[in-house]
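Here are the chains, one letter per residue:
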Amino acid sequence: MARSRALLLIGLAAALFSAAACGSVQKNTGTATTPAPGGDQPRAGGTMTVAYKSDPKTFDPAVCYDATCWNNMRMLYDRLYDYKGATSELVPQAAADFPKVSEDGKTYTITLRPGMTFSNGSPVRAQDVAYSLARLLDPATKSPVRGFWTGVAGADKAKGGKAEGIEAVSDTELRIRLTQPNSSFKYILAMPHASVIPQDAGDDVATKPVGSGPFTFKEFSPGRQILLEKNTAYWDKPRPYVDKVIEKLGVNPDVQLLQLEKGQIDLMGDPIPPAQFLSVTANAALKPQTLTIAKPTTYYLTLNVKMKPFDDPKVREAISYAIDRSFLLKLVNGQGETANQFLPPGVLGHTEDKLVHDQDIAKAKALLAEAGHPNGFTTTMYTWNTSPWTNLLPQIQQDLAKIGVKIEPRPLQQSAFFDLAGTPGKAPMTLRFWVADFPDGSNFFQALTSCAAAVPGGQNNSFYCSKEVDDLVVQALAAGTTEEAEKLYAEATAKLLADNPIVPLYYGTKTEVFGKNVGGYHPQPIWGFDMAAYWKTDGKPLS
């Protein structure tokens, strides 16, 4: 019976890999005969320059969740597993191979890749991995992804970088015990937050990161730049190909695009500004440097169920009826499709069932009147201070004004946004999005709507908690077939959206433009950049 159960879990994991591939196919917007950017042969040396509007909040992988720090996590650290090229296919990284899973699906045994070292020269040991993962469970860490790890045995008692279910058996072997089977756990081990840091890193990890990744940390000047250098001791030689990465900070996306066209930077850390989108995609000179990728992404509103008036389900439902989703999509140049539910295409659990409301102003007004707000109310909405948020916000204000809801906008830098939105009682509404960390519905539920994530510093900005929804997600993770998991996720989605703690708006695609001297460029559906795989076309031949 146990072996049969394990085989079912393995089959489900394989199906998840297929779902991932379907949801993250990239296409080149150039001609079918366009060669790979920079040719097929990597070259060595040079500096890759990227620009961002916002500084990173931290370099601590356990709490990182803004776009700037996210890309730095991949450059500075290794994880047990990572994603291959432009796919959602997992490959071993700090691990020597995929985990050995017990017959009951609850115990993972992982052997480390030999010979790995941190940038300070110390060896990477299983004790370091155990410490790094256990930190995620410690409430004192305030990790926004703690909810993904609560299925580890003894998770509620984790403290000081130690957890009962995470054990270093030896310097080279790690054992993780779960309370129940979890078909997505292999993906969780590949999340940026599961990056490996030294056991003695302490609080310095936030400002002086030490990792085993392809680049080493040299300098961070807030508001100016981050400087990383090639890790000459990196295990995956000859990667990385470039000698340095310079990250310019405080650069407006419009300026980023101009600098890229002039060859002053190689990559844009922020999306193409919507006002410039058509000019970029119509520019014949940029066509070989332009790619579009279908990312498993949902853009949505959060309504804080712990703050008035959003503690009233009728008010939340009224907000959902007030939004014209089709018009919002026009404001982002049609990059995506209107949402029909919470989970986007390409993520296990997405269905074509329509679970969101079409705009109905009369219905929305009637619901507000029933809730005791016949003349509407005034509230505050927080979001990022970059596009597409700055494009979407005015239209959402107009939509809600039609039902008497006056929105006071508060656009913030990414790091400040996450701080405020994750603080109880601070943000009645937010406008945000979520790109899948891995292609399973549990990623969206556990991070964004679970009881475990409705904590200070968490990503559940609606602070919604439904044990019934959480239990359905747990059942889906332990399901024996993809069909059973899909059915459970569909039931969880229907119950979630009946409560309207979030209002799905649309699913996104992303068009990226890169510098003409960047070789080997490919977008990544889960991560942002794959900097260790890119090279400068004017570099030297590999020796």
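Above this text sits the structure in question.
These figures come from a predicted structure and were not determined experimentally.

1. With respect to the pairing of strand 7 (residues 107–111)
- Where strand 6 (residues 100–101) and strand 7 come together, two bridges link them in antiparallel fashion. Counterpart to Lys100 in the pairing with strand 7 is Thr109.
- Connecting the antiparallel pair strand 6 and strand 7 is a turn made up of five residues, with Gly105 showing a positive phi of about 75°.

2. Description of the nonpolar core
- The biggest cluster of nonpolar side chains holds 101 residues, and the ones touching the most others in it are Leu80, Leu133, Trp149, Ile166 and Ile176.
- Ranked by residues supplied to this core, first place goes to helix 3 (residues 126–137) with eight residues.
- When sequence neighbours within four positions are dropped, the list of residues in contact with Ile176 reads Lys106, Thr107, Tyr108, Ile110, Leu133, Val152, Gly165, Ile166, Phe185 and Leu189.
- One finds Leu368, Ala371, Trp389 and Ala427 within the second-largest nonpolar core, a separate group that totals 38 residues.

3. A word on helix 13 (residues 441–448)
- Most of helix 13 sits inside the fold, with eight of its eight residues counted as buried.
- Within the span of helix 13, buried status applies to Gly441, Ser442, Asn443, Phe444, Phe445, Gln446, Ala447 and Leu448.
- Contact partners of the buried residues in helix 13: helix 4 (146–149), strand 15 (297–303), strand 19 (429–435), helix 14 (467–477) and helix 15 (482–499).

4. What about empty space enclosed by the protein?
- Per the counting criterion, the structure on display carries two cavities of 30 Å³ or more.
- The space that makes up the largest cavity amounts to roughly 840 Å³.
- Lining the largest cavity we find 42 residues, and of these Lys295, Trp384, Phe433, Val435 and Lys510 sit closest to its centre.
- Elements supplying a minimum of two residues to the lining of the largest cavity: helix 2 (67–76), helix 7 (274–281), strand 15, helix 12 (414–421), strand 19, strand 20 (502–508) and strand 21 (510–513).
- Broken down by class, the residue content of the lining of the largest cavity amounts to 22 nonpolar, 13 polar and seven charged.
- Approximately 80 Å³ is the volume found for the second largest cavity.

5. Regarding the pattern of salt bridges
- Under the defined criterion, the tally for this structure stands at 19 salt bridges.
- For Asp82, the salt bridge is made with Arg79, and the minimal N-O distance between the two is 3.8 Å.
- For Asp82, a relative accessible area of 5% translates into the label buried.
- One network of salt bridges, in which partners are shared, links Arg74, Arg79, Asp82 and Asp530.

6. Details of the sheet that holds strand 20
- Taken in spatial order, the six strands of this open sheet run 16-20-15-19-17-18, and their pairing is mixed. Here the strands that pair on one side only, and so sit at the sheet edges, are strand 16 (336–338) and strand 18 (405–412). Across the sheet, the mean angle from the axis of one strand to that of its neighbour is 25°, orientation sign disregarded.
- Pairing analysis gives five bridges linking strand 15 to strand 20, with the strands arranged antiparallel. Bridged to Thr298 within strand 20 is Tyr507.
- Contacting strand 15, strand 17 (377–384), strand 18, strand 19 and strand 20, helix 11 (residues 389–401) runs over the sheet at an angle of about 135° to strand 19.

Calculation criteria
Residues numbered from 1 in each chain as written. Predicted model: local features only at pLDDT ≥ 70, side-chain atom pairs only at ≥ 80, totals over all residues. Heavy atoms only, no water. Pairing = 2+ DSSP bridges. Helix = DSSP H or I, 4+ residues; strand = E, 2+ residues; numbered from the N terminus. Core = buried A, V, L, I, M, F, W, Y, C linked by side-chain atoms within 4.5 Å. Buried < 20%, exposed > 50% of the residue type's maximum accessible area, 1.4 Å probe, protein only. Contact = heavy atoms within 4.5 Å. 1 Å grid on protein atoms, 1.4 Å probe; cavity = no way out; pocket = protein on both sides within 12 Å on 5 of 7 lines; lining within 4 Å. Points joined across faces, edges and corners; volume = space filled by probe spheres on them. Nonpolar A, V, L, I, M, F, W, Y, C, P; charged D, E, K, R; others polar. Salt bridge = Lys/Arg side-chain N within 4 Å of Asp/Glu carboxyl O. Axes fitted to C-alpha atoms, helices over the stretch in contact; angles between N-to-C directions.

Any link to function would need more than the numbers given here.
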